[in-house]
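# Structural description and commentary
So you can see what is in the structure, the chains are spelled out below.
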Amino acid sequence: MYKSTGFISFFLRRLTGVALVLYLFMHMWVIGSSLGGPASFDQRLAMVQGPVFTLLEVLLLAAVIYHAIDGLRLLIVHYFKVTEYRKSLFYAVLATTVLIFIAGAIPMLVFFFESL
Amino acid sequence: MTTKTVTVRVQRFNPEVDKKPHLQSFQVEMTPETTLLDALEGIKATQDGTLTFRRSCRHAICGSCAMNVNGRNTLVCNQPLSRHLDRHDRVTIRPLPFLPIIKDLVVDRSNFWEQYRRVKPWLIPPDELPETEFRVSPEEVAAINDAEQCIMCGACYSSCQVVALNKTYIGPHALLKAFLRVMDPRDSAVAERLADVAGTDGVYRCHTIFNCIDACPKGLDPTRAIETLRQMAQKRAHYEAERRERQKRLAEPTAPVAAPEAVTE
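Now for a quick tour of the structure. (Residues numbered from 1 in each chain as written. Chains lettered and ligands numbered in written order. Predicted model: local features only at pLDDT ≥ 70, side-chain atom pairs only at ≥ 80, totals over all residues. Heavy atoms only, no water.)

### Observations regarding the overall build of chain A
As a reminder of what qualifies: Under the scheme used here, helices are H or I runs from DSSP no shorter than 4 residues and strands are E runs no shorter than 2 residues, and both carry numbers assigned from the N terminus. In this setup the radius of gyration rests on C-alpha atoms only. A globule is expected at 2.2 Å times the number of residues raised to 0.38.
Of the regular secondary structure elements, chain A holds four helices and zero strands. Counting from the amino terminus, helix and strand elements in chain A follow one another as α-α-α-α. Taken over the C-alpha trace, chain A has a radius of gyration of 18 Å; the compact-globule value for 116 residues is 13 Å, which it surpasses by more than 25%. Dimensions of chain A along its principal axes, counting C-alpha atoms only, are 60 × 30 × 25 Å.

### Quick word on the overall build of chain B
For clarity, the cut-off: Buried means the residue's accessible area, taken with a 1.4 Å probe over protein chains only, is under 20% of the maximum for its type, while exposed means over 50%, and partly exposed covers the values in between. By definition in these notes, contact holds between two residues if any of their heavy atoms fall within 4.5 Å. Method for areas: the Shrake-Rupley scheme with a 1.4 Å probe, in which residue coverage is limited to the protein chains shown. For the purpose of charge, His is not counted, nor are the chain termini; Lys and Arg are scored as positive and Asp and Glu as negative. To locate a charge, the coordinates of NZ of Lys, CZ of Arg, CG of Asp or CD of Glu are taken.
Assigned secondary structure in chain B consists of 10 helices and seven strands. Principal-axis analysis of the C-alpha atoms gives chain B an extent of 65 × 60 × 30 Å. Burial analysis of chain B (265 residues in total) assigns 49% to the buried set. Within chain B, contacts between residues separated by at least 24 positions form 69% of all contacts whose residues are at least 6 apart in sequence. Put simply, chain B shows about 13,600 Å² of open surface, and 50% of that area lies on carbon and sulfur atoms. Between the mean site of the 36 positive side-chain charges and the mean site of the 34 negative ones, chain B shows a separation of 8 Å.

### What about the packing of aromatic side chains?
The test is simple: The aromatic pairing rule takes the rings of Phe, Tyr and Trp, using the six-membered ring of Trp, and pairs them if the centres are within 6.5 Å, calling planes under 30 degrees apart stacked, those over 60 edge-to-face and the rest tilted.
Applying the stated criterion to the full structure yields six aromatic pairs over all chains. Relative to Phe113 of chain A, the ring of Phe112 of chain A has its centre 5.2 Å away and its plane inclined at 70 degrees; by these criteria the two rings are edge-to-face. Take Phe112 of chain A: its relative accessible area is 11%, and that puts it in the buried class. Under the relative-accessibility criterion, Phe113 of chain A is labelled exposed at 53%. Taken together, a centroid distance of 5.6 Å and an interplanar angle of 75 degrees make the contact between Trp113 of chain B and Tyr116 of chain B edge-to-face. Placement of both Trp113 of chain B and Tyr116 of chain B in helix H2 (residues 110-118) is noted, with a separation of three residues, approximately one turn of the helix. By relative accessible area, which is 18% here, Tyr116 of chain B ends up buried. Clustering of aromatic rings is evident, with ring pairs tying together Phe112, Trp113, Tyr116 and Tyr157 of chain B.

### Comments concerning the interface of chain A and chain B
Inclusion rule: When two parts are put together, the accessible area they lose, computed with a 1.4 Å probe and summed over both, is reported as buried area. Here, a salt bridge means any Lys or Arg side-chain nitrogen found within 4 Å of an Asp or Glu carboxyl oxygen.
Taken together, the contact pairs 19 residues of chain A with 23 residues of chain B. Here chain A and chain B share an interface that buries about 1,900 Å² over both sides, 52% of which is from carbon and sulfur atoms. Of all residues in chain A, the largest losses of buried area upon contact with chain B belong to Tyr2, Thr83 and Arg86 of chain A, amounting jointly to 38% of the total for that side. Counting across the chain A and chain B interface gives three salt bridges.

### Let's talk about the state of the cysteines
All names here are of chain B. Under the convention used in this document: When two cysteine sulfur atoms are found within 2.5 Å, that pair is recorded as a disulfide.
Within the structure shown, the criterion is met by zero disulfides over all chains. Here Cys150 stays free of any disulfide, with the sulfur of Cys156 as its closest cysteine sulfur at 6.3 Å. Distance from the sulfur of Cys206, which forms no disulfide, to the nearest cysteine sulfur (Cys212) is 6.5 Å. Classification of Cys206 as buried rests on a relative accessible area of 13%.

### Some remarks on the pattern of salt bridges
Residues and elements named next belong to chain B. For the structure on display, the rule yields 22 salt bridges over all chains. In this structure, the salt-bridge partner of Glu192 is Lys120, at a minimum N-O distance of 3.0 Å. Note that Glu192 is positioned in helix H7 (residues 190-197) and Lys120 in the loop between H2 and helix H3 (138-143), a separation of 72 residues in sequence. The partly exposed category is assigned to Lys120, whose relative accessible area is 26%. The closest approach of N and O atoms between Asp221 and Arg224, which form a salt bridge, is 3.9 Å.

### Points about the side chain of Thr74 of chain B
Within the secondary structure layout, Thr74 of chain B lies in strand S4 (residues 72-75). What makes Thr74 of chain B buried here is its relative accessible area of 10%.

### So, helix H6 (residues 172-183) of chain B
Residue and element names in this part refer to chain B. Filter applied, for reference: Given the number of residues in a helix, its expected span is that number minus one, multiplied by 1.5 Å.
Helix length check: H6 (12 residues) gives 16 Å between terminal C-alpha atoms against 16 Å at 1.5 Å per residue, within 8%. Counting buried residues in H6 gives 12 out of 12 residues, a clear majority hidden from the surface. Residues of H6 that are buried: Pro172, His173, Ala174, Leu175, Leu176, Lys177, Ala178, Phe179, Leu180, Arg181, Val182 and Met183.

Spatial relationships are all this shows, so hold off on functional conclusions.
Written out as structure tokens, the structure reads:
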């Protein structure tokens, strides 16, 4: 491992990318297993509104936002000559991710704690 | 002259004795002028003659002495020891990462050279050569972005995370060389070169991690070269036609040459 901001961005991109693929399977399972009528639907809904799934959902939000913003950064790198701003771009991605994540996670957590 | 004693930690590995590499500390007397290479030479001369490393020119042009200093790839010959000391007056020198170690600080660079040969790093001249000389404009030279200054030290190759994971990747050094040839108006194999670097082991394998830029002791930008190749590879026929057109004018002056001003004294 050669430590650098570039490596951190690459590692986070891989991590969130793999996490999103795994999420997709979980998503298909949740949807597929809730199709057995009103009772099974309600049961599944109660499960995904529990604390574990809420936490996973908040993590999912973080992964989606980072992966999306990092993708925008890569497009900028691909199409404009900005390699000398590589570190600033990485920190800009982190800052944007944190801002959007906070804005998104607060309503999710407020909704969760109100429903307790 | 002020001298002080500092600790140089060197990664040692003797394949005949050791199972895995280990760090060994040496106490070295230094002055402000001492380079990292001076420190290694001093250790080899006075403390442990078995210490093995590559070096040749000591002027940052041969590319022999690239090593990993405190986790960063660099040449040791042009780096002052004082600049790399931590707050305990200590520096750690390891061989280039991700490459097989032969002994101590010497790594096996066979794969590096194999990938280099793969991009045909030589000039493929046009069929009709000009009688006198090729004329290349200042803009065309500027577009090469100093890529010809590469000294093939391997610092970028061995810092690349993609190389670490995939030994068939062409690598930043060879792609920079391919870029140099593709941008050279005298080269007549643009489409072929672009097709080669656009394969599965080429420019699209790069994850734009930028380690190559950070590692380059010459301040070159392999990532930008790779990005340029990526864009050009999508329009191979266009650039091939452009090059053929350009090569019809290779012997002509590219711009009126200003007469040199008279020297008056």
